[in-house]
Amino acid sequence: SSGLYENVAGIKGMFLANKKTDNVVKTYITYNRGRDWRLLQAPTADLRGNSIRCELPYCSLHLHLHVSANPYTSGNIESKDSAPGIIVASGSIGAELTTSNVSMFITSDAGNTWRQIFDEEYSVLYLDQGGALVAIRHTPLPIRHLWMSFDEGRQWNKYSFTMSPLFVDGLLGEPGEETLIMTIFGHVSHRSEWQLVKIDFRSIFNRRCTEGDYQTWHLHNRGEPCIMGVKRIYRKLKPIARCVMGKTYSVTMTSAPCDCTEADFECDYGYERRSDGKCTPAFWFLPSSMSRSCTTGTTFINSTGYRKVVSNNCTAGVIAEYTARRQHCPTQAPKGLHLVTSEGKLTATLGTNVTFLVFLEEGDGARTSIMVDFGDGHALTYSNVSSIEDGVKHVYKAVGIYRVSATGENRLGSESVVLYLHVTCQLEYIHLSAPFVAVKSKEVNLTAVLWPSQVGTVTYIWWFGNNTEPIITLEGSVACTFSREGVNTVTVQVSAGNAILQDRKTIAVHEYFRSHLLAFSSNLDDHNPDVAEWRLDVSRVIKNSMVKATGVSPELLLVTVLPALPTAAEFFLLPDKGLTEGKPEKNSLSEILLSALNQNLVQFTLRPGVQVTVYAAHLSAAPLVDTSENHSGSAMLMLLSVVVLGLAIFVVYKFKRKIPGLNVYAQMQNEKEQEMIPSPVSPTESTLVSPNTPMELVTSPELMDTDLNTRPIGK
């Protein structure tokens, strides 16, 4: 496995790490578990004795901190508990770590000074508890030599371990680092089996080590003897001694505590170190928050911003100044009251649990009561802050924007906080209510109907024709005018929460038009399935029957069958473009149509044996709506008649179950009003016959299911 972090064996608190900054990797060392880091000082000379000019911080030694995945080969760095202070690693000298010009380096004083020992990569094996080091070159070529050092890598002697060159696959020492026996295994050729070469180095030594062969070594960090709060003195073999330590040798270390200094402390939680070395609160941390759950009369631990480094054993010194102090809890009014939802959102779904979290930055939390008002007529009061640590749950039963407030109060004062919560529900359907036909340059009302009708905050986006910029409103209705004749498209998009739905309608725009409601013989209701396809077919048949009975040009006639029962329809008489400047022929075509309808001349066969009669619905003194500009006086009278008629229809609708003989028009108007409410199961629609295709029907759904009462009716 490979990594950028290495725990140095044998010395507690010492680590090596590679840090990548701006794509540049450098090696750092620490002696106090990462509290302080510094670069490695490069060797002063190379293998040949030539001086190396490398000045910190621009140039330093960088190491490859990789451990071998193969247990039979060493990695790029090696250290042993039985040989404290000795580290062997591969690396490079310069401004950053590189994979080129890699050499082998060794330190025998725990990283303070380094020496170059090879200019290529080698595997190194510790023998006799570090008293001897064996190195074999990393190479894909067969070799027959190894190198051995008895003085911590200062001098290396070359030995031949086989007569025939061997492709080395790995090294294996006898169990225990005190051994002087090692095994090299490999193969003579790529086709041969493994060859094992066992080497016993005991014959090289002629005596065992005595007390005079050892010396004391003081662990230090660039001359500073106190590391992790103690002075550590090790007993090590002298580099000039050539003897066997054996299995009876054990690492001997004596230690003595040091007085604590600032270097023995790191920044406490919530604090960070400034450029001058001082620990100050981070921007997100409030030191006073440590006492917010504190109860008057008790004590709490108040941090100084520092804490002793883990496993540091210093004593006395500045320990009293830097150690956290126990203090009495302050008595103060609540301050810094916060109110949020558990998810951190300002929206909630209707009918689901909303969890509110209340916390206090300062004040006696145990003696501060909390009152939460949910804004819908419900409120709860709690005796203290700790009783609502898990939050306060509430379910809203209606859509809306609620003013949620929390008030904290104790005998010294109070504080309040407010949160505005948007409670919404899922928008399922929308329906654009628009007239089938409109008069050019006259205002038309468009309405978007929602299901359900209350879903929370809603935005309406209206697109007209080929306009590239929409109109955005917060209301579901908008008024518009169409400046050109023809078919105009209107699209409305409704944005509610995360949902966006849309509906589209087409409106036929003309200079003027006339319209009249149609009724049918009652047998048609028995065969009306009230589906859009049926209304489409029947609209086509009605139009063809009217054209056949009257001779009126099909281009001037629109017919639409209205949804629901009893069956009703409406026809629209459009202007004849062949007339001068589009002026209508005085009532001639309308009179022909009404005459044919009143004389029961318009009939069609629905199916064999079912003959249906179409006639005009005679409902007022002015049943025919005329939008031409030649009827200003009569138009006002007609408008007044329609208003009176609307009031009469309303009264009849309210009492229709009590009045026998209710006329067809009232029933039809009732069904049309109901059609404005979309059904969640099967949205209704109406059918419109296009004047430009006399034998076919416009099947676009945009021309269906529209409130005809919104059309302009002239001046």
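Residues numbered from 1 in each chain as written. Predicted model: local features only at pLDDT ≥ 70, side-chain atom pairs only at ≥ 80, totals over all residues. Heavy atoms only, no water.

## A look at the overall build of the chain
Across its full length, the chain holds 5 helices and 48 strands. The buried share of the chain, taken over its 715 residues, is 46%. For the chain, the accessible surface area stands at approximately 36200 Å², while carbon and sulfur atoms represent 52% of it. (Helix = DSSP H or I, 4+ residues; strand = E, 2+ residues; numbered from the N terminus. Buried < 20%, exposed > 50% of the residue type's maximum accessible area, 1.4 Å probe, protein only. Areas by Shrake-Rupley, 256 points an atom, 1.4 Å probe, with all protein chains shown as cover.)

## Notes on unusual backbone geometry
Cis peptide bonds are those with omega within 30 degrees of zero, and the linkage from Leu 56 to Pro 57 qualifies with 0°. Structurally, Pro 57 is set in the loop between strand S4 (38-39) and strand S5 (60-63). The linkage connecting Trp 451 with the following residue, Pro 452, adopts the cis geometry, with an omega of -5°. Structurally, the position occupied by Pro 452 is in the loop between strand S37 (444-451) and strand S38 (458-464).

## Side note on the environment of Ile 430
Following the sequence through the fold, Ile 430 ends up in strand S35 (residues 429-433). The class of Ile 430 is buried, set by a relative accessible area of 12%. Separated by 63 residues in sequence, Ile 430 and Gln 493 place their C-alpha atoms 8.7 Å apart. Not counting residues within four places of it along the chain, the set of residues in contact with Ile 430 comprises Val 449, Leu 450, Val 492, Val 494, Leu 501, Gln 502 and Asp 503. (Contact = heavy atoms within 4.5 Å.)

## Here we look at the state of the cysteines
The full count for this structure, using the stated rule, is 5 disulfides. Disulfide pairing is shown between Cys 54 and Cys 59; the S-S distance is 1.8 Å. Taking the sign of the S-S torsion, about -105° here, the bridge from Cys 54 to Cys 59 comes out left-handed. Note on accessibility: Cys 54 and Cys 59 belong to one class, buried. (Disulfide = S-S within 2.5 Å.)

## Comments concerning the packing of aromatic side chains
In the structure shown here, the tally under the stated rule is 16 aromatic pairs. A ring pair is formed by Tyr 269 and Trp 284, whose centres lie 5.7 Å apart and whose planes are at 65°; its orientation type is edge-to-face. In this pair, Tyr 269 is assigned in the loop between strand S21 (265-267) and strand S22 (271-273) and Trp 284 in the loop between strand S23 (279-281) and strand S24 (299-302), connecting sequence segments 15 residues apart. The interplanar angle of 80° and the centroid separation of 5.8 Å between the aromatic rings of Tyr 269 and Phe 285 together place this pair among those described as edge-to-face. Note that Tyr 269 is positioned in the loop between S21 and S22 and Phe 285 in the loop between S23 and S24, a separation of 16 residues in sequence. When its relative accessible area of 8% is taken as the criterion, Phe 285 is described as buried. Cation over ring: Lys 236 sits above Trp 217, and NZ or CZ is 4.6 Å from the ring centre. Sitting above the plane of the Phe 150 ring, Arg 242 keeps its charged end 4.3 Å from the centroid. (Phe/Tyr/Trp six-rings, centres within 6.5 Å; stacked < 30°, edge-to-face > 60°. Lys NZ or Arg CZ within 6 Å of the ring centre and 35° of its normal.)

## Considerations on the sheet that holds strand S28 (residues 347-349)
The mixed open sheet is built from 5 strands, whose spatial order is S28-S34-S33-S30-S31. Here the strands that pair on one side only, and so sit at the sheet edges, are S28 and strand S31 (379-382). Taken pair by pair, the neighbouring strands of this sheet meet at an average axis angle of 25°, ignoring direction. The pairing of strand S30 (residues 369-373) with strand S33 (residues 400-410) spans 5 bridges and is antiparallel. Across the sheet, Ser 369 pairs through a bridge with Glu 409, a residue of S33. (Pairing = 2+ DSSP bridges. Axes fitted to C-alpha atoms, helices over the stretch in contact; angles between N-to-C directions.)

## Considering the pairing of S30
Within a regular strand, side chains alternate between the sheet's two faces. Of the two faces of S30, the one holding Ile 370 and Val 372 is buried and the one holding Ser 369, Met 371 and Asp 373 is not buried anywhere. Here S30 runs beside S31; their pairing, made up of 4 bridges, is antiparallel. Considered in S31, the bridge of Val 372 is made with Leu 380. In this structure, the hairpin formed by S30 and S31 is closed by a connection of 5 residues, where Gly 375 is found at a positive phi of approximately 85°.

## Some details on the nonpolar core
Core analysis: the largest hydrophobic core is formed by 26 residues, its most contacted members being Leu 518, Ile 542, Met 546, Phe 571 and Leu 597. Within the residue set of this core, elements represented by two or more residues are strand S43 (514-520), helix H2 (532-550), strand S44 (557-561), strand S45 (569-573), helix H3 (588-598), strand S46 (602-607) and strand S47 (610-616). Counting residues in hydrophobic clusters, the runner-up holds 25 residues, among them Ile 11, Leu 61, Leu 65 and Phe 105. (Core = buried A, V, L, I, M, F, W, Y, C linked by side-chain atoms within 4.5 Å.)

## What about the side chain of His 64?
The residue His 64 is located in the loop between S5 and strand S6 (77-79) in this model. On the basis of relative accessible area, His 64 is assigned to the buried category, the value being 11%. Reaching out from His 64, the side chain makes a polar contact with the backbone oxygen of Thr 98 at a distance of 3.1 Å. Not counting residues up to four positions away in its chain, the partners in contact with His 64 are Asn 76, Ile 77, Ser 90, Gly 91, Leu 97, Thr 98, Thr 99 and Val 102. (Polar contact = N/O pair within 3.5 Å; in protein donor to acceptor, adjacent residues only side chain to side chain.)

## Details of the confidence of the model for the chain
With 81% of its residues at a pLDDT of 70 or more, the chain shows a mean pLDDT of 79. Across residues 620-626, where pLDDT falls below 50, the model places 24 contacts with residues more than four positions away in sequence or in other chains. Contacts of residues 628-715 to residues separated by more than four positions or lying in other chains number 181 contacts, the stretch itself having pLDDT below 50. (pLDDT = per-residue confidence, 0-100.)

## With respect to a nonpolar patch on the surface
On the surface, a cluster of nonpolar side chains totalling about 470 Å² of accessible area is made up of Tyr 269, Phe 283 and Trp 284. For Trp 284, a relative accessible area of 48% translates into the label partly exposed. (Patch = residues over 30% accessible without salt bridge, like charges linked within 9 Å, V, L, I, M, F, W, Y side chains within 5 Å. Salt bridge = Lys/Arg side-chain N within 4 Å of Asp/Glu carboxyl O.)

## Focus: the sheet that holds S35
Strand pairing in a sheet relies on backbone hydrogen bonds, with the paired strands running either antiparallel or parallel. Across the sheet, 3 strands lie side by side as S35-S37-S40; this open sheet has antiparallel pairing. Both edges of this open sheet fall to S35 and strand S40 (477-480), since each of them pairs with a single strand only. Strand-to-strand, the axes of this sheet are offset by a mean angle of 20°, without reference to chain direction. As judged from the 5 bridges shared by S35 and S37, these two strands associate in the antiparallel manner. If you follow Ser 433 over to S37, its bridge partner there is Thr 447.

## Considerations on H2
In this model H2 runs 27 Å from its N-terminal to its C-terminal C-alpha over 19 residues, within 8% of the 27 Å that 1.5 Å per residue would give. Every buried residue belonging to H2 is among Ala 532, Trp 534, Arg 535, Leu 536, Val 538, Ser 539, Ile 542, Lys 543, Ser 545, Met 546, Val 547 and Thr 550, and all of these are buried. Structurally, H2 contributes buried residues whose contacts are with S43, S44, S45, H3 and S46. Looking one or two residues beyond H2, the residue adopting positive phi is Gly 551, at roughly 80°. (Expected span 1.5 Å × (residues − 1).)

## Considering the side chain of Ser 539
Secondary-structure assignment places Ser 539 in helix H2. A relative accessible area of 0% places Ser 539 in the buried class. Within the structure, the side chain of Ser 539 is placed 2.7 Å from the backbone oxygen of Arg 535, a separation counted as a polar contact.

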